[in-house]
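Overview (structure and organization)
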Amino acid sequence: EFWFSTSHDNIVRKMGAANGKLCGVNVNEHFPYTVPVQAVIKDYRLGCLNYCLMFMIFLYVAVYQIFYHCGYLLKPDVELSMRATLRAPANLTAFKDLSYCCHTSGVCPPTTLRCEVFSGPSVLHV
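Quantities reported herein were computed from a predicted structural model and do not represent experimental measurements. (Residues numbered from 1 in each chain as written. Predicted model: local features only at pLDDT ≥ 70, side-chain atom pairs only at ≥ 80, totals over all residues. Heavy atoms only, no water.)

What about the overall build of the chain?
The secondary structure content of the chain amounts to 3 helices and 2 strands. Listing every helix and strand of the chain by position from the N terminus yields α-β-β-α-α. Looking at the 126 residues of the chain, the share that counts as buried comes to 7%. Of the contacts formed within the chain by residues at least 6 apart in sequence, a portion of 2% connects residues at least 24 apart. (Helix = DSSP H or I, 4+ residues; strand = E, 2+ residues; numbered from the N terminus. Buried < 20%, exposed > 50% of the residue type's maximum accessible area, 1.4 Å probe, protein only. Contact = heavy atoms within 4.5 Å.)

What follows is the structure, given as structure tokens:
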């Protein structure tokens, strides 16, 4: 007898539970194993139709779209619209009070940044 048989009770018995019950609980109800149902239709007309449609889809993509229209070379134009609104902060903290700003005009340590103040019109041209 194979380990996998057609009866669920045989499988559960092999796993140690008798009649599909373990401690009085039907384990088949609590631990189901779901499989998709697959049907095979043996009709040459449907089989030929299936393969013909798949072949036509392949021809459309490979021959018509890629080779005839050079679809791999086409790059669509990207249209982008962007709007930015800048507003000065309500209370500007001085650079000397910020730990991440460099306070010297020389070389800054690698842990700090050079901070600058920009006027309104010059912000758009940075």
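The rest of the description comes next.
Focus on the packing of aromatic side chains
For the coordinates displayed, the defined rule picks out 2 aromatic pairs. Taking the centre distance of 5.7 Å and the plane angle of 25 degrees together, the rings of Y60 and Y64 count as stacked. Of this pair, Y60 and Y64 are both found in helix α3 (residues 44-68), 4 residues apart, which corresponds to roughly one turn of the helix. The class of Y64 is partly exposed, set by a relative accessible area of 38%. With 5.8 Å between their ring centres and 20 degrees between their planes, Y64 and Y68 make a pair best called stacked. With Y64 and Y68 both in helix α3, this residue pair falls 4 residues apart, about one helical turn. The structure contains a cluster of three or more aromatic residues connected by ring pairs, namely Y60, Y64 and Y68. (Phe/Tyr/Trp six-rings, centres within 6.5 Å; stacked < 30°, edge-to-face > 60°.)

So, the pattern of salt bridges
Two side chains with opposite charge may pair up if their charged atoms get near one another. Inspection of the entire model under this criterion finds 1 salt bridge. Of the charged contacts in the structure, one is a salt bridge between D43 and R45, with a shortest N-O distance of 3.4 Å. Using a relative accessible area of 55% as the deciding quantity, one classes R45 as exposed. (Salt bridge = Lys/Arg side-chain N within 4 Å of Asp/Glu carboxyl O.)

Examining α3
Of all bends in α3, the biggest is about 25 degrees, found at Y60. Taken from the residues just after α3, C70 is the one with a positive phi, measuring 50 degrees. (Bend = angle between axes of the 7 residues up to and from the residue.)

Brief notes about the side chain of T112
Tracing the chain through its elements places T112 in the segment after α3. Here P109 takes part through its backbone oxygen, which lies 3.2 Å from a polar atom of the side chain of T112. Aside from chain neighbours lying at most four places away, what touches T112 is S99, Y100, C101 and C102. (Polar contact = N/O pair within 3.5 Å; in protein donor to acceptor, adjacent residues only side chain to side chain.)

Examining the confidence of the model for the chain
On average, residues of the chain carry a pLDDT of 76, and 79% of them reach 70 or more. Per-element confidence in the chain ranges from a low mean pLDDT of 51 for helix α1 (residues 8-14) to a high of 91 for α3. The low-confidence segment residues 1-6, where pLDDT is below 50, has 7 contacts with residues more than four positions distant or belonging to other chains. (pLDDT = per-residue confidence, 0-100.)

Describing the state of the cysteines
Scanning all chains against the criterion turns up 2 disulfides. Note that C102 is cross-linked by a disulfide to C108, the S-S spacing being 2.1 Å. Here the disulfide of C102 and C108 is left-handed, its torsion about the S-S bond being about -100 degrees. With its disulfide-bonded cysteines labelled consecutively along the sequence, the chain is connected as 1-4, 2-3. (Disulfide = S-S within 2.5 Å.)

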